[in-house]
Amino acid sequence: MNRLFVAYKPTGLSSNQLLGQLKRKYKVKKAGYSGTLDPFAKGVLIIAFGNHGRLFRFLNKTPKRYRATLWLGAYSPTLDIEKIETINETEKVSKAQIQEIFQSLTGELTYLPPKYSAKRIEGRRAYEFAREGKEVDLREITSTIYDLSLIHYCHPFITFEATVSEGSYIRSLGEIIANRLGYDGALTALERLNEGQFVYENEVPLDVKTSLGITKNRYNGTIQTILLGQPLKREDFDLQENGTYWIDNGDTISILEISDEGVRYILNKVEAC
């Protein structure tokens, strides 16, 4: 079974555990997911069965949108409620202060990802090293914060939504917000609402042709040439500039790269649904 769909991961399960449940539910052996969610987080997770995992890097998955609740005054090395160590009294802040900080964080933001995160280091997740008490050598990353909006403030809890680029860490963003208000902070809830155009819709199969984040091109030669994987010429395409494109073959698609070296197949004859 080749299939793409959006699942909803509940809090408390790892992404791998949810994938195992889905494999048993649909009786498939080959499956994968894109965009790991930590066990603490919940929300949308793009799932692929069969060979459709090869499409992950071509999907329209950005920007991503999250909803989170930040607890001012709570300190946790995990930046969430998994390991709360101290809780300090905090003064109530104004919504204007919060919104001013949100505005200052919009744009490119450079910071350290959480030690307890799914970021891969030497083939392992960062949280695996952290839970073993080992120091993790994390390097600063730069994310784009497209939008930060205040949803609700009931002291000491701030609920906000963040629209961000791929590879962003909302727990680190929560810590930065709390620190700029003069306090420690930890998330009490984190939900991924969408990945680009993808939202949860009861695991309905996705249409591959409307899910791609690359440009559609048209091949003006005989379609059998593509279906047989035969050599292609740049001049036979509507769009001839260097780039990665997808071609509609009817029931299948092909993904091709046009470069100075010529035209090469990246994926060929991929089922379109």
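Look a little higher up for the structure.
The structure contained in this document is the topic of the report that follows. (Residues numbered from 1 in each chain as written. Predicted model: local features only at pLDDT ≥ 70, side-chain atom pairs only at ≥ 80, totals over all residues. Heavy atoms only, no water.)

## Regarding the overall build of the chain
- The number of helices and strands found in the chain is five helices and 16 strands.
- Dimensions of the chain, computed from C-alpha atoms along their principal axes, come out at roughly 70 × 40 × 35 Å.
- Scored against the burial criterion, the 273 residues of the chain give a buried share of 49%.
- Counted over contacts in the chain with a minimum sequence separation of 6, partners at least 24 positions apart contribute 64%.
- A total of about 13900 Å² of accessible surface is found on the chain, and carbon and sulfur atoms cover 46% of it.
- In the chain, which carries 36 positive and 34 negative side-chain charges, the distance between the mean positions of the two groups comes to 7 Å. (Helix = DSSP H or I, 4+ residues; strand = E, 2+ residues; numbered from the N terminus. Buried < 20%, exposed > 50% of the residue type's maximum accessible area, 1.4 Å probe, protein only. Contact = heavy atoms within 4.5 Å. Areas by Shrake-Rupley, 256 points an atom, 1.4 Å probe, with all protein chains shown as cover. Lys, Arg positive; Asp, Glu negative; His and termini not counted. Charge placed at Lys NZ, Arg CZ, Asp CG, Glu CD.)

## Overview of the packing of helix α2 (residues 95-105) against helix α4 (residues 170-180)
- It is the contact of α2 with α4, at a shortest axis distance of 10 Å, that shows an interaxial angle of 130°. It follows from the interaxial angle that α2 and α4 lie oblique. Handedness of the α2/α4 crossing: right-handed. On the side of α2, the interface is formed by Ile101, Phe102, Ser104 and Leu105, while α4 contributes Leu173, Ile176, Ile177 and Arg180.
- When the residues that make up the contact of α2 with α4 are grouped by side-chain class, the tally is six nonpolar, one polar and one charged. (Axes fitted to C-alpha atoms, helices over the stretch in contact; angles between N-to-C directions. Parallel < 35°, antiparallel > 145°, perpendicular 65-115°, else oblique. Left-handed = near helix turned anticlockwise from the far one by under 90°. Nonpolar A, V, L, I, M, F, W, Y, C, P; charged D, E, K, R; others polar.)

## Some remarks on α4
- The buried fraction of α4 is high, at eight of 11 residues.
- The set of residues buried in α4 consists of Ile170, Arg171, Ser172, Leu173, Gly174, Ile176, Ile177 and Ala178.
- In the core, the buried residues of α4 are packed alongside β4 (64-72), α2, β7 (107-111), β10 (141-154), β11 (157-164) and β12 (185-195).
- One or two steps after α4, the chain reaches glycine 182, where phi turns positive at roughly 95°.

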